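Reading the structure
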Amino acid sequence: MEYSDIAMEAAKSLGADYADIRIQKSTTEMILLRNLSLKNTSTDVSEGYGIRVFKNGAWGFAHSNIFNKEQVTATVRRAFDIAQLSAQVKKGKGLSLAPERSYLASYRTPVKIDPFMVSLKEKVDLMLEVNRIMMNYEGIRQALFYLITHKDEKIFASTLGTHLDITTQFINPMVTATAVTAEDSQSRTFDDGGRATGWEWILELNLTEKAKQIAEEALIKVKADTLKEEKRRALILDPGHLGLTMHESVGHATELDRVLGWEADYAGLSFATPEKLGNYKYGSDIVNFVGDNNLNEGLATAGFDDDGVPNQRWYIIKDGILTEYGSTRDTAPQIGLEHSRGCSRATDYYNQPINRIPNLYLLPGKKELTPAQLIADTDDGVFIQGRGAYSIDQHRLNFQFGGDFFWEIKNGKLFRPLKKVLYKSCNPEFWNSCDAICDERFWRPFGVINCGKGQPNQTGRMTHGAAPARFRNIRVGGAQ
Amino acid sequence: MKAQLEAIADFVKKHVKADDYTLRIQAWNSHETRFAQNAITQHIAGENINIDLEAAFGQKTGRSSVNQADENSLSEMIKRAEEMASVNEPDPEYVESASQQEIPKVQNASQSTLELKPEQMVELIKKSIANAEKQNAIVSGMTEKHYMEMLTTTKNGFNGYYDITNFGHSMTLKKDETETKVSYSSKDYGAFNLEQDIEKLNSQSAALHDLQPFQPCRIPLIIRPGALIEFYMYMLWMMNRRQTDEGLTPFTGQLGKKCMGEKFSMLSTLTMPDLVTEPFSNEAVVAKETYWVRNGVLENLPTPRYWAKLKNLEPSDPFNIYIPGENVSEEKMMQMVPEGLIVNRFWYIRPVDMKTGEVTGMTRDGVLYFKEGKVRHAVNNLRFNEIPADTTKRILALGVSELADSAVKLPTVLVDGFNFVDSTTF
C-alpha cells in the first residue's frame, strides 16, 4: 500500500470531511560565481509530506520527513487534531470548499536538455567565461553570475480519489556587472527571471554576448545623468520591467485571500474588493490581463494546483474592467464562486498551500506596433528596461518603482542614458494611463521565482509577460 | 535532540574523505496558527532537519544538503558534496574551515516556551478575537512557537551547539477604516502578557480617530520600535566590510569617521539577557561584543572570513542588534518640535540606490499628526525616500530601548525633517 493510500484511509477512518497528502521531493542546484570565485556550489534535497485535514469548516496541517506507515498515520492524526482545534475558532459554520471532481493524471515540465544532467564543468565553464568577459572591462569592479536549477517531484492524493503525479522544474540565470567610479557605483543585470524549461534556454540566450552588453551598459549607467526634477512624463516599459509592475499592482491585488482579509496581519489587504467585480475601471480599454496556468514554460504551469484543481485560463481584467480573481477551493465559496481557479500552491512539502498569483500576463496590442514606432511616437518620456527598486502600499494602491536601465526620450528619439530614475503612481491611475501596447511579436515572459507571501513565509513562483507598453502622464523623477 | 545531531555529525565525520569540511545541522519543530477576520485560517505543525556539508579538496569546494538523517541519505549527501568539489574549479577565495574556538555560553531557550501547548495558543487567539468582537472590529494575526537547534563542526576542530526558542503573537486590528498592529516576538513565552498587548492595541486603535488627508513633506517624525527595526535593518544590510572596501556602499571611506549622528550607537551584545544571541554565525564566526556605530562613529563593519584573512582583520557578524536609548517619553518628544507625525510601522522598504544608501517605503498601521505637544488626529499613509544613515544625524531624542524582535532591541526615536514624498488614499 502506498503512503498516499495509507494517509487517505487514515483520514477517512478518523472522520475527516476532506483530506489530502502531498509527498514532495525538491532538488535545488545553486551556483554563485562572484569575480571568478565560486561562492556557492550546492545541491539541496528536501523530501517529506504535508497532510491537510478539513474538519467542521477548519483546516489542520501537519508535516513530516519520516517515511514509514506509523509516522504517516501519526501525521494524519496530528493534522486531524489540529483541524478540530482550529474549528473551535471559526466564523459561523466555518470555511467550505468549492466542489471539485477527482482526477487521475500526471504532468511533466517539457524539457529537452535536463539541466540536472548537464555536467557541473559545463555550467561552471560558461559562468567563468561570462565573468571573465565582464571583468575584462576597466571599471567593472564586480561580476556576478547566479544560476539556480530547481525540480519538484510531487505525488498528490485526496479523499476525493484524486491521484496526481507531477514533476515541474525551472532554471534561472542572472548576470550582473557593477561599475565603480570615484563618485558612484551602478549595476546592470541580465534577468529574464526563471523559466520552466531546460538547459536549451541557456544555450539560446548567448550569455557571452549578453555579458558584453551588460558590462558596457553598467559603464554607461555609472556615468549617466539623473533627472533633476520630478514631472509628468510618458513612460515606455519593457517586458522585463512590466513583469514586476503587474506582479505588485495587479497580481497581488487580485489574490482572493488578500481580498478577503486573510493576509491582513502581514502581506496586507487589497483595494480590489468584490463589489468592484464587473464594473471597476482598473485600466484603459486596451488593458487585458489573463490568468493562465497552462502558459507554455510558465512557472505556475503544473497541470493541477495543490488543491487538485486543473489548470485554467481566464480573464482577470478584460477591456480594462476587473472581472475575476485568482482563487482556491477555500476562498472561492467565500464570495459565491462555484469553482476555484486553481491558484492554491505551497512551496515546500512542509508549507500549507495558500492562494497564489497564477501565471498572469498583459495581452499584447491588437494593432501592429513595434517598440521603435512607440518610441518615435513619444515626445517626452523615459524608456525603462529591467527591474529596480519597487515598493507598494499594503492595499496595493500607491507604488514607486525604479528600473535597471533608462533612456530619456526626446522628440521620438532615445536622447541620453539615465540612472536612478523613479516613478510614482497608483491604482487605478497607472493602468488607465496605458495608451499603447506593442503587438504579439514583442511579447516576452518574465518568471518570478521568489514571491514572498504567507506566514510562515513561502516563496511562490509564477510567470508574467507583456509587450512593451506606454503609460502617459506619470510622475517620473530621480533618487536623491 | 542534541544526541541525535551529534550522532549524525559522528557518522559524517567518520565517512567524509575531503581535505576539509564544514558540517552544519539545523533541526527545528514549529507550531504556527494564523488567524484572520476573527477565525483561524491556517494551522501548521511539524518537525524538520537540514544537514548541510561543505567539502573541499584543496581549493575546490562543493556543498550538499539533505533533510533525511538515515545513513543512506547521509552517504548520498557526502558523495554529492565530494563529487562536486572534486570536479569543480578551484576557488581563488577559498578559506579553510574554522578552527577550535571558545564559544560564549548563552541561554536562548526558555522552558515556558517549550512547555506551551497548542490548546493554550488557541486560547490566546480566542481572547484576541473576543477583544475585537467586543468593539465590533476584526483581528488577524499569528501565534507561533518554535524550537531550533544548531550544531556546527569542522575538520579543523570547530565544534559548536546552541538551541533557541521563540514565541510570537501578533494582532492587527481593523476597526472601520483604520488598522493597527501590536506584535510580540521573544524567546520567552513566560514574559508575554496578552492583556497588556491587547490594551496597547486598543489604545493605538482608539488614537486613530478623525482621519484627515495629509500632504507629503519633510516633517519631524516619531518612529516607534516596530517601524525603526525595518528601517535600520536595511542600513545594516549595506554595512558589509568587503563591499564597502570595494566602493559599493555608502560607507566607503567612512570607517573610523563620524558619519552618523552623535546620539546614535548600534552594537551586537552579549550583555542583554532578554536578547537572543547566536553564539556563532553560519561561517562559524564567534559572537563578540562589537560596536558597529558608537556615538556616530562607524567603528566596525561585519566582515566575512575570507575578507578578514585577506586584510588581516578579525571576522565579525551581527549576532543581534541593540540600539541604546535614552529615556525620553513620546509626550516629551511631541513637546520638542512644533508639529510632527508618529508612525507605528513601516512597510515594503526597498533600497533605491546602494551607493547612497537611499531606501523607499510606506507607513502602515496608523499614522498620527501632533501639534503643540498633543496628538490631533490620524492621517493617511505616506511614502518616504530616505537615507537611514543620514537620519541618524537628525535624531533629536530617543526613548527607552525595548525588544522589537527576539534578537533586536531599540528605542522609539524622534527624527527631524523626515522626507515624505507621496501619499496614498487610506
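Residues numbered from 1 in each chain as written. Chains lettered and ligands numbered in written order. Predicted model: local features only at pLDDT ≥ 70, side-chain atom pairs only at ≥ 80, totals over all residues. Heavy atoms only, no water.

Per the secondary structure count, chain B includes 10 helices and 19 strands. At 24 Å, chain B has a C-alpha radius of gyration in line with the 22 Å of a compact globule built from 426 residues. Projecting the C-alpha coordinates of chain B onto the three principal axes gives extents of approximately 70 × 55 × 35 Å. Across the 426 residues that make up chain B, the buried fraction comes to 59%. Taking as baseline every contact in chain B between residues at least 6 positions apart, the subset at least 24 positions apart corresponds to 72%. Entry remark: accessible area of chain B is about 16,600 Å², with carbon and sulfur atoms responsible for 47%. The positive charge centre, built from 46 side chains, and the negative charge centre, built from 58, are 3 Å apart in chain B. (Helix = DSSP H or I, 4+ residues; strand = E, 2+ residues; numbered from the N terminus. Rg over C-alpha atoms; globule rule 2.2 N^0.38 Å. Buried < 20%, exposed > 50% of the residue type's maximum accessible area, 1.4 Å probe, protein only. Contact = heavy atoms within 4.5 Å. Areas by Shrake-Rupley, 256 points an atom, 1.4 Å probe, with all protein chains shown as cover. Lys, Arg positive; Asp, Glu negative; His and termini not counted. Charge placed at Lys NZ, Arg CZ, Asp CG, Glu CD.)

Below, the discussion takes up the sheet that holds strand E10 (residues 313-318) of chain A. Residues and elements named next belong to chain A. Strand order in the open sheet formed by 6 strands is E11-E10-E9-E14-E23-E22, and the pairing between neighbours is mixed. The strands lining the two open edges of the sheet, one partner per strand, are strand E11 (321-322) and strand E22 (444-453). Strand direction decides the pairing type here: strand E9 (residues 289-292) and strand E14 (residues 360-362), joined by 3 bridges, are antiparallel. By the bridge assignment, Val-290 is partnered in E14 with Tyr-361. This element, helix H6 (residues 239-251), spans E9, E10, E14, E22 and strand E23 (458-466) of the sheet and lies at about 120 degrees to E23. (Pairing = 2+ DSSP bridges. Axes fitted to C-alpha atoms, helices over the stretch in contact; angles between N-to-C directions.)

Turning our eyes to something else, we now look at the side chain of Asp-404 of chain A. Along the chain, Asp-404 of chain A falls in the loop between strand E17 (398-401) and strand E18 (405-410). Excluding residues within four positions of it along the chain, Asp-404 of chain A makes contact with Ser-187, Arg-188, Thr-189, Lys-221, Gln-385, Gly-386, Arg-387 and Gly-388 of chain A.

What follows concerns the environment of Arg-101 of chain A. Residues and elements named next belong to chain A. By the element assignment, Arg-101 lies in the loop between helix H2 (69-86) and strand E4 (104-108). For Arg-101, a relative accessible area of 56% puts it in the exposed group. Sequence spacing of Arg-101 and Asp-306 is 205 residues, and the spatial spacing of their C-alpha atoms is 14 Å. Ignoring anything within four residues of it in the chain, the contact list for Arg-101 reads Leu-160 and Thr-162.

At the interface, 83 residues of chain B touch 77 residues of chain A. Taken together, both faces of the contact between chain B and chain A bury some 6,600 Å²; the carbon and sulfur share is 47%. Where chain B packs against chain A, one counts 7 salt bridges. Applying the counting rule to chain B against chain A returns 50 residue pairs in polar contact (both at pLDDT 80 or more). With 12 residues, the single largest contributor to the side of chain B that touches chain A is strand E2 (residues 39-57) of chain B. (Buried area = accessible area lost by both parts, 1.4 Å probe. Salt bridge = Lys/Arg side-chain N within 4 Å of Asp/Glu carboxyl O. Polar contact = N/O pair within 3.5 Å; in protein donor to acceptor, adjacent residues only side chain to side chain.)

A word on the state of the cysteines. All names here are of chain A. According to the stated counting rule, one finds 0 disulfides over all chains in the structure shown. Cysteine Cys-343 shares no disulfide, and the gap to the nearest cysteine sulfur, in Cys-451, comes to 12 Å. You can call Cys-343 buried: its relative accessible area is 0%. Looking at Cys-426, it has no disulfide partner, and the nearest cysteine sulfur is the one in Cys-434, 15 Å off. The exposure class assigned to Cys-426 is partly exposed, which follows from its relative accessible area of 24%. (Disulfide = S-S within 2.5 Å.)

Attention now moves to the pairing of strand E19 (residues 413-418) of chain A. All names here are of chain A. As judged from the 5 bridges shared by E18 and E19, these two strands associate in the antiparallel manner. Opposite Ile-409, over in E19, you have Leu-414 as the bridge partner. The turn joining E18 and E19, which pair antiparallel and follow one another in sequence, is formed by 2 residues; a positive phi near 50 degrees is taken by Asn-411.

In this section: empty space enclosed by the protein. Residue and element names in this part refer to chain A. Per the stated rule, a full pass over the model turns up 3 cavities of 30 Å³ or more. Taken as a whole, the largest cavity spans an internal volume of roughly 350 Å³. What lines the largest cavity is a set of 27 residues, and nearest its centre among them are Asp-152, Lys-154, Thr-168, Arg-345 and Arg-461. Those elements that place two or more of their residues in the lining of the largest cavity are strand E5 (140-158), strand E6 (163-180) and E23. (1 Å grid on protein atoms, 1.4 Å probe; cavity = no way out; pocket = protein on both sides within 12 Å on 5 of 7 lines; lining within 4 Å. Points joined across faces, edges and corners; volume = space filled by probe spheres on them.)

Our focus in this paragraph is helix H1 (residues 3-14) of chain A. Residues and elements named next belong to chain A. Taking 1.5 Å per residue as the helical rise, H1 with its 12 residues ought to reach 16 Å, and the 17 Å between its terminal C-alpha atoms agrees with that figure. Considered for burial, the residues of H1 that qualify are Ser-4, Ile-6, Ala-7, Met-8, Ala-10 and Ala-11. Among the structural elements, strand E1 (18-34), strand E2 (37-55), H2, E5 and E6 are those in contact with the buried residues of H1. Backbone geometry just downstream of H1 places Gly-15 in the positive-phi region, at approximately 100 degrees. (Expected span 1.5 Å × (residues − 1).)

On to the packing of helix H3 (residues 120-135) of chain A against helix H5 (residues 207-222) of chain A. Residues and elements named next belong to chain A. Two elements in contact, H3 and H5, have axes separated by 8 Å at closest approach and are oriented at 30 degrees. The orientation of H3 relative to H5 falls into the category roughly parallel. Every pair of crossing elements has a handedness; the one defined by H3 and H5 is right-handed. Of the residues in H5, those touching H3 at Leu-126, Glu-129, Val-130, Ile-133 and Met-134 are Leu-207, Thr-208, Ala-211, Lys-212, Ile-214 and Ala-215. (Parallel < 35°, antiparallel > 145°, perpendicular 65-115°, else oblique. Left-handed = near helix turned anticlockwise from the far one by under 90°.)

Residue and element names in this part refer to chain B. A full pass over the atoms with the stated rule returns 40 aromatic pairs over all chains. Ring geometry for Phe-158 versus Phe-280: centroids 5.2 Å apart, planes at 75 degrees, classification edge-to-face. You can see Phe-158 sitting in the loop between strand E4 (138-154) and strand E5 (159-175) and its partner Phe-280 sitting in the loop between strand E8 (266-268) and strand E9 (290-294), a full 122 residues away along the chain. Given the relative accessible area of 0%, Phe-158 is considered buried. When its relative accessible area of 2% is taken as the criterion, Phe-280 is described as buried. One residue, Arg-294, lies across the ring of Tyr-291, its end atom 3.8 Å from the ring centre. (Phe/Tyr/Trp six-rings, centres within 6.5 Å; stacked < 30°, edge-to-face > 60°. Lys NZ or Arg CZ within 6 Å of the ring centre and 35° of its normal.)

The subject of this paragraph is the confidence of the model for chain B. Taken over all residues, the pLDDT of chain B has a mean of 97, while the share at 70 or more is 100%. Here the prediction assigns the complex a pTM of 0.96, and the interface score ipTM is 0.95. (pLDDT = per-residue confidence, 0-100.)

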